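Structural overview for review
Listed below are the residues making up each chain.
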Amino acid sequence: MLTESKFRFLSEDVKKRSGLMLGPEKGYLVESRLSPLARTEGFASVEALVDQMMRGDAALSARAAEALATHETFFFRDRTPFDVFAETIAPVLKTVLHGRKAKIWCAACSSGQEPYSLAMLLEEMPGLDADIVATDLCNSVLEKARAGLYSQFEVQRGLAIQRLVKHFEQTGDTWRISPRLRQMVRFEVGNLLEDFGKYGKQDVIFCRNVLIYFDIEAKAKILDRLANQLQPHGYLILGAAETVVGLTEALKPVPGQRGLYARPEALEKIKAA
Amino acid sequence: MKTCLVVDDSRVIRKVARKIVESLGFACEEAGDGQEALDQCRKHMPDAILLDWNMPVMNGLEFLVALRAEENGKKPVVIFCTTENDMSNITQALRAGADEYVMKPFDGEIIESKFAEVGLV
Ligand SMILES: C[S@@+](CC[C@H](N)C(=O)[O-])C[C@H]1O[C@@H](n2cnc3c(N)ncnc32)[C@H](O)[C@@H]1O
């Protein structure tokens with residue numbers, strides 16, 4: 001186990017790099033997630049690895065921050081957001097885009113199941129085309145996402161069998177997402193703590209199950225900046241345990257739509273209509 | 001209470017599947033092959049069927065075709081649950097009237113996810 005001061009260094013360093021909050025109760029998580037990294041980097045222990053970080057090894061610190069993140073995800077996770085996308089968001093986009101392609105951003109996309117679920121919906125839906133940008137802090141999950149290769153276990157979580165048949169090719173024990181869908185999604189490294197300017201204005205942003213790991217201040221800042229990246233009519237979708245309430249005035253919950261948020265002026269318009 | 005018929009020639013698998021479907025709130029019945037399953041369905045049509053493919057006497061695919069031809073045989077939601085993991089098997093099962101398809105090995109999470117997919121939970 002790490003000494004108190006080393007743990008404090010680690011948690012501050014990680015928070016600066018990824019936003020992840022490591023409370024003192026997370027000692028076990030730190031050991032279990034950093035031990036494999038310590039081993040592959042040739043350190044005798046997690047403590048030795050943290051010592052090296054304390055000497056200012058920034059590359060190692062970055063790898064530690066990646067290793068500490070939770071990458072849990074699956075296709076059509078929680079269902080509701082995808083129903084909301086198909087039933088509420090897509091019809092609105094069709095009326096406001098005038099034939100332009102929609103811009104969708106999956107911030108914190110992990111191994112790609114979320115953007116690919118959206119790509120499936122879009123392919124099944126006539127009359128709406130989109131460019132999907134999917135970003136994550138972590139290189140290794142992005143590599144998997146780009147390859148589009150999933151295990152038998154992964155393709156059975158949340159994915160209807162018709163969608164497996166329609167959108168995947170089988171190669172031995174693994175399943176590869178179709179080239180059509182892979183073409184619809186661009187995967188890039190992207191840190192939620194860094195500037196969003198290069199992404200441009202979005203019609204829809206998915207940012208799910210990542211802000212829960214951050215402290216209030218970080219959440220509030222990121223939500224303000226996400227609001228800035230939205231078109232006036234744009235939508236933000238958060239995870240089931242996340243909200244904007246009490247964190248920012250730049251976004252409001254869309255009444256009756258769980259997990260869906262929009263800019264206040266857009267909500268006024270919806271109300272008036 | 002909704003009922004689920006588990007059709008598999010392995011008693012061990014039936015036991016595992018029973019635990020899972022009961023935890024999802026179903027009353028569970030069991031059959032060891034397709035013919036047994038068909039006999040049971042004629043007496044009482046279940047709401048859901050978890051169906052193995054390779055079984056003695058009558059296999060899962062033959063059972064499914066016979067079931068769908070029965071009066072009321074369109075009612076049960078049929079989920080194949082098998083080690084036949086080829087795309088060709090999956091499409092064959094879907095054409096024969098299967099609603100979902102689970103590739104073994106499975107666990108409670110996968111079964112629950114598939115039950116949700118077909119609107120059973
Ligand atoms: C639990 S996954 C959620 C994946 C997906 N959005 C979902 O809901 O299923 C969280 C992801 O956020 C990424 N992440 C953590 N901190 C990040 C940051 N500061 N910037 C970008 N991505 C981050 C992690 O690498 C991880 O892949």
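Only a predicted model underlies this, so the values are computations on that prediction, with no experimental measurement involved. (Residues numbered from 1 in each chain as written. Chains lettered and ligands numbered in written order. Predicted model: local features only at pLDDT ≥ 70, side-chain atom pairs only at ≥ 80, totals over all residues. Heavy atoms only, no water.)

What about the domain arrangement of chain A?
Residues and elements named next belong to chain A. Our working rule: Residue ranges assigned to the domains are those given by an automatic or database domain assignment. Note on contacts: a residue pair is in contact if any heavy atoms of the two residues lie within 4.5 Å. Accessible area that two parts lose when put together, with a 1.4 Å probe and added across both, is what the buried area reports. Any Lys or Arg side-chain nitrogen found within 4 Å of a carboxyl oxygen on Asp or Glu counts as a salt bridge. In this description a helix means any DSSP run of H or I spanning at least four residues, a strand means any run of E spanning at least two, and both kinds are numbered starting from the N terminus. Ten residue types, Ala, Val, Leu, Ile, Met, Phe, Trp, Tyr, Cys and Pro, are classed as nonpolar, four, Asp, Glu, Lys and Arg, as charged, and the remainder, Gly among them, as polar.
Structurally, chain A comprises domain 1 (4–68) and domain 2 (80–272). Between domain 1 and domain 2, the C-alpha centre-to-centre distance is 30 Å. Between domain 1 and domain 2, the residue contacts involve eight residues of the former and nine residues of the latter. When domain 1 packs against domain 2, the two sides together hide about 720 Å² of surface, and 58% of this comes from carbon and sulfur. When the buried area of domain 1 at its contact with domain 2 is split by residue, Ser18, Met21 and Glu66 rank highest and sum to 55% of it. On the surface where domain 1 and domain 2 come into contact, there are one salt bridge. Asp215 is the partner of Lys15 in a salt bridge, and the nearest nitrogen-oxygen pair spans 2.7 Å. With four residues, helix H1 (residues 4–18) is the largest single contributor of residues to the side of domain 1 that touches domain 2. In the side of domain 1 that touches domain 2, the residues fall into two nonpolar, two polar and four charged.

A closer look at the UniProt feature "modified residue: 4-aspartylphosphate" (unreviewed entry) in chain B
Residues and elements named next belong to chain B. Put simply, the rule is: UniProt positions are given in the numbering used here, feature names are shortened, and annotations may be inferred rather than shown by experiment. Between buried and exposed lies partly exposed: a residue is buried under 20% and exposed over 50% of the maximum accessible area for its type, with that area taken using a 1.4 Å probe on protein chains only.
Cross-referencing UniProt, the feature "modified residue: 4-aspartylphosphate" (unreviewed entry) maps to Asp52 in the present numbering. Structurally, the position occupied by Asp52 is in the loop between strand S3 (48–51) and helix H3 (60–69). Note on Asp52: relative accessible area 5%, which makes it buried. Among all residues touching Asp52, those that are not within four sequence positions of it are Val7, Asp8, Asp9, Gly60, Phe80, Cys81, Thr82 and Lys104.

Regarding the interface of chain A and chain B
Going by this rule: Throughout this description, a polar contact denotes any pair of N or O atoms lying within 3.5 Å of each other; where both atoms belong to protein, one of them has to be capable of donating a hydrogen while the other can accept it, and for residues adjacent in sequence the pair is counted only when both atoms sit in side chains.
Every contact between the two is made by 16 residues of chain A and, on the other side, 20 residues of chain B. Note on chain A versus chain B: buried area summed over both sides is about 1,500 Å², and carbon and sulfur give 52% of it. Viewed at the interface, chain B and chain A are joined by two salt bridges. For the salt bridge of Glu117(B) with Arg79(A), the shortest nitrogen-to-oxygen distance reads 3.0 Å. For the interface between chain A and chain B, the tally reads 13 residue pairs in polar contact (both at pLDDT 80 or more). The set of elements that each furnish at least two residues to the side of chain A that touches chain B consists of helix H8 (161–167) and strand S4 (168–171) of chain A. The biggest single contributor to the side of chain A that touches chain B is H8(A), with four residues.

A look at the layout of surface pockets
Any empty space left between atoms is shown by rolling a water-sized probe over those atoms. Residue and element names in this part refer to chain A. Quick note on the threshold: Buriedness of a pocket was judged along seven lines, with at least five required to meet protein on both sides within 12 Å; pockets are open sets of points on a 1 Å grid over the protein atoms alone, cavities are sets where a 1.4 Å probe fits but cannot get out, and lining residues have an atom within 4 Å of a point. Grid points are joined across faces, edges and corners, and a volume is the space filled by probe spheres set on the points.
What the largest pocket holds in volume is close to 450 Å³. Of all the secondary-structure elements, those providing two or more residues to the lining of the largest pocket are helix H4 (58–68) and strand S2 (130–136). Of the residues assigned to the lining of the largest pocket, the class counts are 16 nonpolar, nine polar and five charged. Both domains that furnish three or more residues to the lining of the largest pocket are identified here as domain 1 (4–68) and domain 2 (80–272). Empty space within the second largest pocket amounts to approximately 240 Å³. A breakdown of the residues in the lining of the second largest pocket according to their chemical character gives four nonpolar, two polar and seven charged.

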